[in-house]
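Inside the fold
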Amino acid sequence: MTTAIPMVAGGSASGSTILQASGVTMQFGGLRALNDVSFGLSEGEIIGLIGPNGAGKTTLFNCLTGLYAPTSGAVSLRGNPMPQDPARVTEQGVARTFQNIRLFPSMTAAENVMVGRHVRMKQSPLSSLLHGPSFRRSEAEAAERTEKLLAFVGLSQFAGELARNLPYGDQRRLEIARALATDPAVLLLDEPTAGMNAQETEATRQLIFAIRDLGISVVVIEHDTKFIFTLCDRVLVLVQGELLVEGSPDEVRGDPRVVEAYLGAPPDEVDAQIHAAEDEGENHR
Ligand SMILES: Nc1ncnc2c1ncn2[C@@H]1O[C@H](COP(=O)(O)OP(=O)(O)O)[C@@H](O)[C@H]1O
Ligand SMILES: [Mg+2]
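The structure reproduced in this document is the subject of the present report.

Reading the values: the criteria
Each residue is numbered by its place in its chain's sequence as written, counting from 1. To label them, take the chains in the order written and letter them from A, then take the ligands in the order written and number them from 1. In keeping with the predicted nature of the model, local features appear solely for residues at pLDDT of at least 70, side-chain atom pairs appear and are counted solely at 80 or more, and the whole-chain, interface and lining totals rest on all residues. Each side-chain value is worked out from all heavy atoms of the structure, with water and hydrogens disregarded. Think of it in three bands: residues with accessible area under 20% of the maximum for their type are buried, residues over 50% are exposed, and the middle band is partly exposed, with areas taken using a 1.4 Å probe on protein chains only. Put simply, DSSP marks the helices as runs of H or I at least four residues long and the strands as runs of E at least two long, and each gets a number from the N terminus on. Neighbouring residues are identified by heavy atoms, a residue being near a molecule or strand if any of them is within 4 Å of it. Polar contacts, as used here, are pairs of N or O atoms within 3.5 Å; protein pairs need one atom able to donate a hydrogen and one able to accept it. Residues neighboring in sequence count only if both atoms are side-chain atoms. Accessible surface area values rest on a Shrake-Rupley calculation with a 1.4 Å probe, where residue burial reflects the displayed protein chains alone. Every case where a carboxyl oxygen of Asp or Glu lies within 4 Å of a side-chain nitrogen of Lys or Arg is listed as a salt bridge. Working rule for helices: expected span equals 1.5 Å times residues minus one. Arc, as used here, means the arc of the directions from the helix axis to the C-beta atoms. Each aromatic pair joins two rings of Phe, Tyr and Trp (for Trp, the six-membered one) with centres within 6.5 Å, and gets the label stacked for planes under 30 degrees apart, edge-to-face for over 60, and tilted for any other angle. Throughout this description, the term charge over a ring refers to an Arg CZ or Lys NZ atom that lies within 6 Å of the ring centre and within 35 degrees of the ring normal. In this analysis a donor is any N, O or S atom within 2.8 Å of a metal ion (3.2 Å for sodium, potassium and calcium), and since water is not included, sites may seem incomplete. Orientation is described by axes fitted as lines to C-alpha atoms, over the contacting stretch for helices, and by angles from 0 to 180 degrees between their N-to-C directions. Crossing handedness follows the turn of the near helix against the far one: under a right angle anticlockwise gives a left-handed crossing, and clockwise gives a right-handed one. Note on contacts: a residue pair is in contact if any heavy atoms of the two residues lie within 4.5 Å. Amino acids outside the nonpolar list (Ala, Val, Leu, Ile, Met, Phe, Trp, Tyr, Cys, Pro) and the charged list (Asp, Glu, Lys, Arg) are all regarded as polar, and Gly is one of them. Nonpolar cores were defined as sets of buried Ala, Val, Leu, Ile, Met, Phe, Trp, Tyr and Cys residues, with membership established by side-chain atoms within 4.5 Å. How far each domain reaches was decided by an automatic or database domain assignment.

Turning next to helix α1 (residues 57-64). Burial within α1 is extensive, with 7 of its 8 residues counted as buried. Along α1, the residues that are buried comprise Lys 57, Thr 59, Leu 60, Phe 61, Asn 62, Cys 63 and Leu 64. Backbone geometry just downstream of α1 places Gly 66 in the positive-phi region, at approximately 80°.

Another point: the site of ligand 1. Close contacts around ligand 1 come from Phe 28, Leu 31, Ala 33, Pro 52, Asn 53, Gly 54, Ala 55, Gly 56, Lys 57, Thr 58, Thr 59 and Tyr 68, and that covers them all. At 3.2 Å from an oxygen atom of ligand 1 is found a main-chain nitrogen or oxygen belonging to Ala 55. With respect to ligand 1, the backbone of Gly 56 contributes an N or O atom lying 2.9 Å from an oxygen atom. In isolation ligand 1 exposes 560 Å². Once the protein is present, 62% of that is buried. When residues of the shell around ligand 1 are traced back to their parent elements, those giving at least two are β2 (31-42) and α1. When residues in the shell around ligand 1 are grouped by element, the largest group, 3 residues, is from α1.

Right, let's talk about the pattern of salt bridges for a bit. For the structure shown, the criterion picks out 13 salt bridges. With a closest N to O distance of 2.7 Å, Arg 234 and Glu 45 form a salt bridge. Note that Arg 234 is positioned in strand β9 (residues 234-239) and Glu 45 in the loop between β2 and β3 (46-50), a separation of 189 residues in sequence. As far as burial versus exposure is concerned, Arg 234 and Glu 45 are alike and both buried. One salt bridge connects Glu 202 with Arg 205, and the closest N-O pair in it is separated by 3.0 Å.

Moving on: helix α5 (residues 133-152). Given a rise of 1.5 Å per residue, 20 residues ought to cover 28 Å, and the 29 Å separating the end C-alpha atoms of α5 matches this to within 8%. Taken together, the buried positions of α5 are occupied by Phe 135, Ser 138, Ala 142, Arg 145, Thr 146, Leu 149 and Leu 150. Buried residues in α5, looked at end-on, bunch into an arc of 135°, giving them a common side. Projecting away from the buried face of α5 at angles above 90 degrees are the exposed residues Pro 133, Arg 136, Arg 137 and Glu 147. Positive backbone phi, approximately 80°, marks Gly 154, located one or two places after α5.

As a further point, take the packing of aromatic side chains. Here the structure, examined in full by the defined rule, presents 1 aromatic pair. Ring centres of Phe 28 and Tyr 68 lie 5.4 Å apart, and the angle between their planes is 80°; this geometry places the pair in the edge-to-face category. Here the residue Phe 28 occupies a position in strand β1 (residues 17-28), and Tyr 68 occupies one in the loop between α1 and β4 (72-77), the gap between them amounting to 40 residues. Phe 28 gets classed as partly exposed once you look at its relative accessible area, which sits at 34%. Here Arg 102 stacks its cationic end above the ring of Phe 98, 3.9 Å away from the centre of that ring.

Attention shifts here to the coordination of the magnesium ion (ligand 2). Ligation of the magnesium ion (ligand 2) by protein atoms is provided by Thr 58 (OG1) and Gln 99 (OE1), these donors lying 2.1 to 2.2 Å from the ion. Of this pair, Thr 58 sits in helix α1 while Gln 99 sits in the loop between β6 (94-96) and α3 (109-117), and the two are 41 residues apart along the sequence. Residue Thr 58 is classed as partly exposed on the basis of its relative accessible area, which comes to 25%. With relative accessibility at 29%, the residue Gln 99 sits in the partly exposed group.

Right, let's talk about the packing of α3 against helix α6 (residues 168-180) for a bit. At a closest axis distance of 7 Å, the pairing of α3 and α6 adopts a crossing angle of 35°. Seen along the crossing, α3 lies across α6 with a hand that is right-handed. Judged by residue contacts, Ala 109, Asn 112, Val 113 and Gly 116 of α3 engage Leu 174, Ala 177 and Arg 178 from α6. Residue composition of the contact of α3 with α6, grouped by class: 4 nonpolar, 2 polar and 1 charged.

This paragraph deals with the nonpolar core. Nonpolar side chains in soluble globular proteins tend to end up buried together. Core analysis: the biggest nonpolar cluster contains 41 residues, and Leu 174, Leu 187 and Val 220 have the highest contact counts within it. Broken down by element, this core gets its largest block of residues, 5 residues, from α6. When residues of this core are assigned to domains, at least three map to each of domain 1 (1-93 + 183-285) and domain 2 (104-182). Here Leu 187 is in contact with Ala 95, Arg 96, Ile 176, Ala 179, Leu 180, Ile 211, Ile 216, Ser 217, Val 218 and Val 219, once residues within four sequence places are set aside. Judged by nonpolar contacts, the second largest core, of 28 residues, contains Leu 49, Leu 64, Val 89 and Ile 221.

Here is the structure:
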């Protein structure tokens, strides 16, 4: 896959902070959905964001992508303030998928990816209108890139299929391909395995490792703690809008506050669940 992003040899976080949230607070009327949330995402890192329903996870993504302007606090990308405009945020290298899939159902899989690609096509309106040589070159490049992205996420066979006809799990992967088409440096995934079976979930875990190996930093929201603990370098636990715990999967699973506030099961039960996840995870690392 060709990419404008510098290649980083596999492995975990290596570099400097690429995305930074500082004291992000989001108030909806009387509801404080996020309260003073701060964290940094390093280059090449995979961060997991977990927490109960309504904890503020999606709201945090909305604040990181310019969809919401935080009531207070700030978000920066490579040290620069994040624009308050989702299209400009995408241009600057932050892509996302949505908890509720947002594809164009009546467009083919390939066309859905092309939509993402158009963010990177530098075309003057006149050139597009006249369909001149530069337009045709650009279109050919986009088509080639689309083919590679569909192959990368394992959807080549569905290129000409309408998005709405794809199996649910494949629609989620198509959304990831469309997000990758924007050449992101940071990818935010909101519940990428929701509704997937065990096999699809495992394929998605491997896909996220492959994305990280391209040099893209990832934040992933998921309820499946087994998935998160075997995928992520670092885990953030959000409870009622506050960052309760932050640490390695080992640190987080051992933290009594997490067990009590989030996992809600007796510690030994939680531990057994996480150990089982690790045993399985070792086969794939
Ligand atoms: N646009 C909005 N207007 C009002 N309340 C909202 C809005 N978006 C989210 N909320 C509320 O903020 C809280 C956090 O929601 P959300 O971020 O979706 O949680 P999570 O993704 O962790 O399940 C919830 O109580 C939700 O109802
Ligand atoms: Mg959510």
